[in-house]
Amino acid sequence: QLIESGGGLVQAGGSLRLSCVASERTFIINIMGWFREAPGKEREFVAAISWNGGNTDVADSLKGRFTISRDGAWNTMYLQMNNLQPEDTATYYCVAVRSIRLTRTADEYTYWGQGTLVTVSS
């Protein structure tokens, strides 16, 4: 089970940090990441991180504004989002999979959170 938090309403140019905690039952996961889905748009890869945080991958369009990280407790992941824009408005989903490689493909992730809504006003 994956539990997201940190979503909310923010003005353009503002920042938010999303958190995702994996429950004990999913302790075998290695790769964690984020996807987002805006109304009327396809689900989009945001970022992914390896089990120890040593390897990360961020969508090209988001590099420089979004940062993914993982704390010393392997089961917690963060997404720092800076300079948010209205086009970043979406439901953000935490994902995870038992794997050894990062992937941008949604179907390859086994576990999905319920999602947390991020709304950016102009």
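In this report, the structure presented in the accompanying data block is examined. (Residues numbered from 1 in each chain as written. Predicted model: local features only at pLDDT ≥ 70, side-chain atom pairs only at ≥ 80, totals over all residues. Heavy atoms only, no water.)

## Looking at the environment of I3
Mapped onto the fold, I3 is located in strand β1 (residues 2–5). With a relative accessible area of 47%, I3 lands in the partly exposed category. Note: C-alpha distance between I3 and W112 (109 residues apart in sequence) is 8.9 Å. (Helix = DSSP H or I, 4+ residues; strand = E, 2+ residues; numbered from the N terminus. Buried < 20%, exposed > 50% of the residue type's maximum accessible area, 1.4 Å probe, protein only.)

## Considerations on the packing of aromatic side chains
Counted under the stated rule, the structure contains four aromatic pairs. On the numbers, 5.6 Å between centres and 75 degrees between planes, the contact of F35 with Y109 is edge-to-face. One end of the pair, F35, is in strand β4 (residues 31–37); the other, Y109, is in the loop between β9 (90–97) and β10 (111–112), and 74 residues separate them in sequence. In this pair, the class of F35 matches that of Y109, namely buried. Here the aromatic rings of F35 and W112 are separated by 5.4 Å at their centres, their planes lie at 40 degrees, and the arrangement is tilted. (Phe/Tyr/Trp six-rings, centres within 6.5 Å; stacked < 30°, edge-to-face > 60°.)

## Points about the sheet that holds β1
Strand order in the open sheet formed by four strands is β1-β3-β8-β7, with antiparallel pairing between adjacent strands. The sheet is open, and its two edges are formed by β1 and β7 (66–70), each paired on a single side. When strand polarity is set aside, the average angle formed by the axes of neighbouring strands in this sheet is 15 degrees. Relative to strand β8 (residues 76–81), strand β3 (residues 16–22) runs antiparallel, the two being bridged by six bridges. Paired with S19 across the bridge in β8 is Y78. (Pairing = 2+ DSSP bridges. Axes fitted to C-alpha atoms, helices over the stretch in contact; angles between N-to-C directions.)

## Topic: the nonpolar core
By size, the foremost hydrophobic cluster in this structure holds 35 residues, and its most contacted members are M32, W34, F66, L79, M81 and Y92. Taken together, the elements giving at least two residues each to this core come down to β3, β4, β5 (44–49), β7, β8, β9 and β11 (116–121). Ranked by the residues each element gives to this core, the list is headed by β9, at six residues. Other than its neighbours up to four places away in sequence, F66 contacts R36, V46, V58, L79, Q80, M81, N82, L84, D88 and Y92. (Core = buried A, V, L, I, M, F, W, Y, C linked by side-chain atoms within 4.5 Å. Contact = heavy atoms within 4.5 Å.)

## Thoughts on the side chain of T76
Counting through the fold element by element, T76 comes out in strand β8. Overall, the relative accessible area of 11% leaves T76 in the buried class. Once residues within four sequence positions are removed from consideration, T76 is found in contact with C20, V21, S69, R70 and D71.

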